[in-house]
2 protein chains.
Amino acid sequence: MRSEFELIQNIKDGYSLRYVGDDCAVLPQNGEMDLLMTADLLVEDIDFRLEWTTPELIGHKSLAVSLSDVAAMGGTPVWSMLSLGIPEHLWKSDFIDKFYEGWFALANEFKVELIGGDISRTPDKLVIDSVVGGEVAKGTAIVRSGAKPSDKIYVTGTLGGAAGGLELLENDARIGDIASQSLVLSQLQPQPKVVLGKLLQSQHIATSLIDLSDGLSSDLRHICDASGVGAQIIAENIPINPHLAAHFPPEKCLEMALNGGEDLELLFTTSEKISSYPDSLQFTHIGEVTANVGTIELSVGGESCRLPPKGYRHF
Amino acid sequence: MRSEFELIQNIKDGYSLRYVGDDCAVLPQNGEMDLLMTADLLVEDIDFRLEWTTPELIGHKSLAVSLSDVAAMGGTPVWSMLSLGIPEHLWKSDFIDKFYEGWFALANEFKVELIGGDISRTPDKLVIDSVVGGEVAKGTAIVRSGAKPSDKIYVTGTLGGAAGGLELLENDARIGDIASQSLVLSQLQPQPKVVLGKLLQSQHIATSLIDLSDGLSSDLRHICDASGVGAQIIAENIPINPHLAAHFPPEKCLEMALNGGEDLELLFTTSEKISSYPDSLQFTHIGEVTANVGTIELSVGGESCRLPPKGYRHF
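Residues numbered from 1 in each chain as written. Chains lettered and ligands numbered in written order. Predicted model: local features only at pLDDT ≥ 70, side-chain atom pairs only at ≥ 80, totals over all residues. Heavy atoms only, no water.

Details of the packing of aromatic side chains
Inference 1: The full count for this structure, using the stated rule, is 16 aromatic pairs over all chains.
Inference 2: Plain terms: the ring middles of Tyr15 of chain A and Phe104 of chain B are 3.6 Å apart, the flat faces sit at 10 degrees to each other, and that makes the pair stacked. Separated into two different chains, Tyr15 of chain A in the loop between helix H1 (4-14) and strand E1 (25-28) and Phe104 of chain B in helix H4 (residues 95-109) make up a pair that spans both.
Inference 3: Given a relative accessible area of 4%, Phe104 of chain B falls into the buried group.
Inference 4: Relative to Phe283 of chain A, the ring of Phe268 of chain A lies with its centre 5.1 Å away and its plane at 80 degrees, an arrangement referred to as edge-to-face. Separated by 15 residues along the polypeptide, Phe268 of chain A in strand E9 (residues 266-270) and Phe283 of chain A in strand E10 (residues 283-290) bring together distant segments of the chain.
Inference 5: Under the relative-accessibility criterion, Phe268 of chain A is labelled buried at 0%. (Phe/Tyr/Trp six-rings, centres within 6.5 Å; stacked < 30°, edge-to-face > 60°. Helix = DSSP H or I, 4+ residues; strand = E, 2+ residues; numbered from the N terminus. Buried < 20%, exposed > 50% of the residue type's maximum accessible area, 1.4 Å probe, protein only.)

Observations concerning the relation of the copies chain B and chain A
Inference 1: Each copy of the sequence occupies a distinct position, and chain B is placed on chain A by a rotation of 180 degrees and an axial shift of 0.0 Å, giving an RMSD of 0.0 Å. Taken together, the rotation angle and the small translation identify this as a two-fold axis. Ranked by how close their C-alpha atoms come to the rotation axis, the residues of chain B are headed by Asn30 of chain B, at 2.6 Å. (Least-squares fit on C-alpha atoms with pLDDT ≥ 70 in both.)

Regarding the sheet that holds strand E6 (residues 152-156) of chain A
Residues and elements named next belong to chain A.
Inference 1: Ordered in space as E7-E9-E6-E10-E8-E11-E12, the seven strands form an open sheet in which the pairing is mixed. Each of the sheet's edge strands pairs with one partner strand only, and the pair in question is strand E7 (206-211) and strand E12 (303-306). Across this sheet, the average inter-strand angle for adjacent strands is 25 degrees, counted without regard to direction. (Pairing = 2+ DSSP bridges. Axes fitted to C-alpha atoms, helices over the stretch in contact; angles between N-to-C directions.)

A look at the side chain of Ser218 of chain A
Inference 1: One can find Ser218 of chain A in helix H8 (residues 216-227).
Inference 2: Beyond its immediate chain neighbours, meaning those up to four positions away, Ser218 of chain A contacts Pro309, Lys310 and Gly311 of chain A. (Contact = heavy atoms within 4.5 Å.)

Digging into empty space enclosed by the protein
Unoccupied space between atoms shows up once a probe the size of one water molecule is rolled over them.
Inference 1: Following the criterion strictly, the structure yields one cavity of 30 Å³ or more and no others.
Inference 2: Estimated volume of the largest cavity: approximately 70 Å³.
Inference 3: Lining the largest cavity, in full, are Val43, Thr122, Pro123, Asp124, Lys125 and Val127 of chain A together with Val43, Thr122, Pro123, Asp124, Lys125 and Val127 of chain B. (1 Å grid on protein atoms, 1.4 Å probe; cavity = no way out; pocket = protein on both sides within 12 Å on 5 of 7 lines; lining within 4 Å. Points joined across faces, edges and corners; volume = space filled by probe spheres on them.)

Some points on the pattern of salt bridges
Residues and elements named next belong to chain B.
Inference 1: Evaluation of the coordinates by the stated rule reveals 26 salt bridges over all chains.
Inference 2: When the shortest N-O distance is used, the salt bridge between Lys92 and Glu88 registers 3.6 Å.
Inference 3: On the basis of relative accessible area, Lys92 is assigned to the exposed category, the value being 57%. (Salt bridge = Lys/Arg side-chain N within 4 Å of Asp/Glu carboxyl O.)

Overview of the interface of chain B and chain A
Where interface size is quoted, it is often the accessible area lost as the parts come together.
Inference 1: The interface is formed by 60 residues belonging to chain B together with 60 residues belonging to chain A.
Inference 2: Taken together, the two surfaces of chain B and chain A that pack against each other cover about 5200 Å², and 68% of this comes from carbon and sulfur.
Inference 3: Looking only at chain B, the three residues that lose the most surface to chain A are Trp91, Arg121 and Phe315 of chain B, adding up to 14% of its buried area.
Inference 4: Our enumeration of links across chain B and chain A arrives at four salt bridges.
Inference 5: One salt bridge in this structure joins Glu113 of chain A and Arg18 of chain B, with 2.3 Å as the shortest N-O distance.
Inference 6: For the interface between chain B and chain A, the tally reads 18 residue pairs in polar contact (both at pLDDT 80 or more). (Buried area = accessible area lost by both parts, 1.4 Å probe. Polar contact = N/O pair within 3.5 Å; in protein donor to acceptor, adjacent residues only side chain to side chain.)

Looking at H1 of chain A
Inference 1: Along H1 of chain A, the residues classified as buried are Glu4, Leu7 and Ile11 of chain A. Angularly, the buried residues of H1 of chain A cover 60 degrees about the axis, an arc narrow enough to put them on a single face.
Inference 2: On its buried face, H1 of chain A sits against helix H3 (88-91), H4 and strand E4 (113-122) of chain B.
Inference 3: Here H1 of chain A starts with a cap whose side-chain oxygen sits 3.2 Å from the backbone nitrogen of Phe5 of chain A, and that cap is Ser3 of chain A.
Inference 4: Looking one or two residues beyond H1 of chain A, the residue adopting positive phi is Ser16 of chain A, at roughly 50 degrees. (Arc of directions from axis to C-beta.)

Focus on unusual backbone geometry
Excluding glycine, a negative phi dihedral is what most residues carry, and trans is how most peptide bonds are arranged.
Inference 1: The phi dihedral of Lys111 of chain B is positive, around 55 degrees, even though this residue is not glycine.
Inference 2: Even without a glycine there, the phi angle at Ser150 of chain B is positive, about 80 degrees.

Brief notes about the pairing of strand E10 (residues 283-290) of chain B
All names here are of chain B.
Inference 1: One ladder, built from five bridges, connects strand E6 (residues 152-156) with E10; its direction is antiparallel. The residue bridging Tyr154 from the neighbouring strand is His285, located in E10.
Inference 2: Relative to E10, strand E8 (residues 230-234) is paired through four bridges, and the arrangement is antiparallel. If you follow Gly230 over to E10, its bridge partner there is Thr290.

Considerations on the sheet that holds strand E3 (residues 76-87) of chain A
Within a sheet, each strand pairs with its neighbour through backbone hydrogen bonds, oriented either parallel or antiparallel.
All names here are of chain A.
Inference 1: Here we have five strands laid out as an open sheet, ordered E1-E2-E5-E3-E4, and mixed in their pairing. Strands with a single pairing partner mark the edges of an open sheet, and in this sheet they are E1 and strand E4 (113-122). With direction set aside, neighbouring strand axes in the sheet form an average angle of 20 degrees.
Inference 2: Relative to E3, helix H4 (residues 95-109) is tilted by about 165 degrees, and along the sheet it contacts E3, E4 and strand E5 (127-137).

So far we have only geometry, and geometry alone does not tell us how the molecule works.
Here you go:
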């Protein structure tokens, strides 16, 4: 069965689509700015479960994932369109009002304006399509295809927390449980790295950039495929979410940091030393771009092995 | 239970949304053009039934409804983002390829480029969110709020065909049945009136404009509410789809023309005589704008009655 990535590639090739294949489409807007466009579809019982979260947090997360796509181009989010497919039992409750409260709390933080969308009924499941429009100075969007051999590979923040939170939720942890709170909120209330993305753009630091929505192993693969390069990363250098160790054995923590998506951290490559930049403490050097096209190697304890892409896939 | 219109009004008022409330949001793009943005969410078993149509026609219609929103501002559609929530049984079939064939057939007709979107799995139902971006010369988008008392009210084409087709499909008519083909295709393959919308914009004919997606009685109400006016329309002047008479009694045909949505015809008001314009034969004069704020009167056989909004509502 083909994956969704194969379908998208088939459609892109078959219909000669110029703008498909990065975190956002980059469209000419005017003499100074490009328009960034992204869409994220979230489906109940596939992308979230009502019993694990709150209406406010679903509102937050549905916008956060799209803001993260704009961050992954180095852009500034400006407006959003929100389409909601709502089952009748939620329509009759106060769910929708609370959903909007969570959505607008995040939107206001980034001065994102809701400009439209659509509302439909669904037979039984909640469906959310989050579309965000952003902008970036003309020609300066940071795409996936700019990585060059010998560039250094960096990530922001720590990885694996959202995957750990998901596993705890699947094992009956709930919001409010003190022991699992940090990881559960990593899953349910991820923070888009808009400020860091803009910093990378304004300082001309990054040669390529993507957000870690599928997982490091998959998203690094996307950069390598788009740039026509390979990569080598060092397991010991990966900033594993420190809260994971209290719940999972070390090899499981590494696996979550490598393959868990949804942290909404950023992955980027750079040809420079970035230790001199402000906020550089939030960036961790995890490896190098190589000329070994299409091959991603993981070094663990000095031993090198191939790293297959294992992030979340719908199909 | 509140309607979706009430929810949208609540959200618009509660969060001071400037761009919500017309067929498209109108955003500044550059010195010459405004950007038009619209979204339409289509849900299986709510907005369409797989057993009544074909994958290609679902592709066609999901784009057509959004192109119609751009037409309803007098704009030119330029690009689209398409988010698909797909159940596994359709993913495993050739459904998606055929869907895109139908989608691109219409997109190519209007030179609309697919720039992005998202693909997710759904538990069981197909969900489509169609987002279209268009453009219009700065400050010239035709909004709903410009109707003035004594303006004349016009519609394009004929009305009620899509509603008639829906009722025939509900009564087991199918694509290919000769007797019902025209009406069934009015429902399944509506044609957006992009060329007529652009004509209205370029000739500065219309004082207000909307597409008939909810139904004449509802959409005329939207214009009256936005413009702070009333309206009087003459039943005998309404261009009822001529194919309806073979299947339904006269009063049912009128009811379908008044309350049936989805024909994707245009409804507009004008202060001018339009008989001198090219293509004016496609416009039918059905009534007048009045100063009787909030009241829509229907004259039938010389008798006047109030016309309540009765178009399709999700809630």
